[in-house]
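Next come the chains, spelled out residue by residue.
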Amino acid sequence: MTLFVDTSVWSLALRRDAPSDHAAVSVLRKALLDGDTIVITGIVLQELLQGFHGPKDQARLIERLQVLPFLNPTRDTHVQAATLRNTCRRKGVQIGTIDALIAQLCIEHDLALLTADKDFVHAARFVPLRLAS
C-alpha cells in the first residue's frame, strides 16, 4: 500500500515528549517497518518544519524525510482541488484549502491518506478519497 501521511499524523509521531499512542501513529510505524511506500508533498514538509524551532532539528527532519518520494501538484491538481473543496462545501462539509489539495493529490495518485484529521473523514463521504486505517 502507498500512503500519503498527513501533517496531523507526522506531528503526533514526532512529538518531543513522547510519540502519541494514536491509532494512526501505529499504522505509520507499521508501514515504516514493513517498508511500505510513504509519500510527502511540499506543504506537509513546510508545515512540519514550521513546528521545529532549531536549525539542527530542522536539518535532521529534512534529512530523514529526504528519502520519501515527493509529489509536486500541477496546475490541474490545484484546479481539481478547488472543485473538490466546492463539492464538499455544497454538501455541508467545510474543508480547508490545504486539506483539499492533499485530498486531491491522494485521489490523483491513488494513495491512501493516513490522517488524524476528521475533516477528511467527512470529505471522503462525497469525494473518492481513500483513507488508510
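Provided above is the structure to which this section pertains.
Residues numbered from 1 in each chain as written. Predicted model: local features only at pLDDT ≥ 70, side-chain atom pairs only at ≥ 80, totals over all residues. Heavy atoms only, no water.

Some words on the sheet that holds strand 2 (residues 37-41)
- The parallel open sheet is built from 5 strands, whose spatial order is 3-2-1-4-5. Looking at the sheet topology across the chains shown, the edges are occupied by strand 3 (70-71) and strand 5 (130-131). (Pairing = 2+ DSSP bridges. Helix = DSSP H or I, 4+ residues; strand = E, 2+ residues; numbered from the N terminus.)

Some details on the side chain of Thr41
- Take Thr41: it is sitting in strand 2.
- If sequence neighbours within four positions are ignored, Thr41 has contacts with Phe4, Phe70, Leu71, Pro73 and Leu105. (Contact = heavy atoms within 4.5 Å.)

What about the environment of Arg29?
- Within the secondary structure layout, Arg29 lies in helix 2 (residues 23-34).
- You can call Arg29 partly exposed: its relative accessible area is 40%.
- Counting along the chain gives 16 residues from Arg29 to Ala13, while the straight-line C-alpha distance between them is 8.6 Å. (Buried < 20%, exposed > 50% of the residue type's maximum accessible area, 1.4 Å probe, protein only.)

Quick word on helix 4 (residues 55-65)
- Taken together, the buried positions of helix 4 are occupied by Asp57, Leu61 and Leu65. Looking straight down helix 4, one finds its buried side chains confined to an arc of 60 degrees; they lie on one side. Exposed residues pointing more than 90 degrees away from the buried face of helix 4 are listed as Pro55, Lys56 and Glu63. (Arc of directions from axis to C-beta.)

With respect to the pattern of salt bridges
- Enumeration over the complete set of coordinates arrives at 3 salt bridges.
- Residues Asp34 and Lys30 are paired through a salt bridge, measuring 2.5 Å at the closest nitrogen-oxygen approach. Of this pair, Asp34 and Lys30 both sit in helix 2, separated by 4 residues, roughly a single helical turn.
- Residue classification places Asp34 among the partly exposed residues on the basis of a relative accessible area of 46%. (Salt bridge = Lys/Arg side-chain N within 4 Å of Asp/Glu carboxyl O.)

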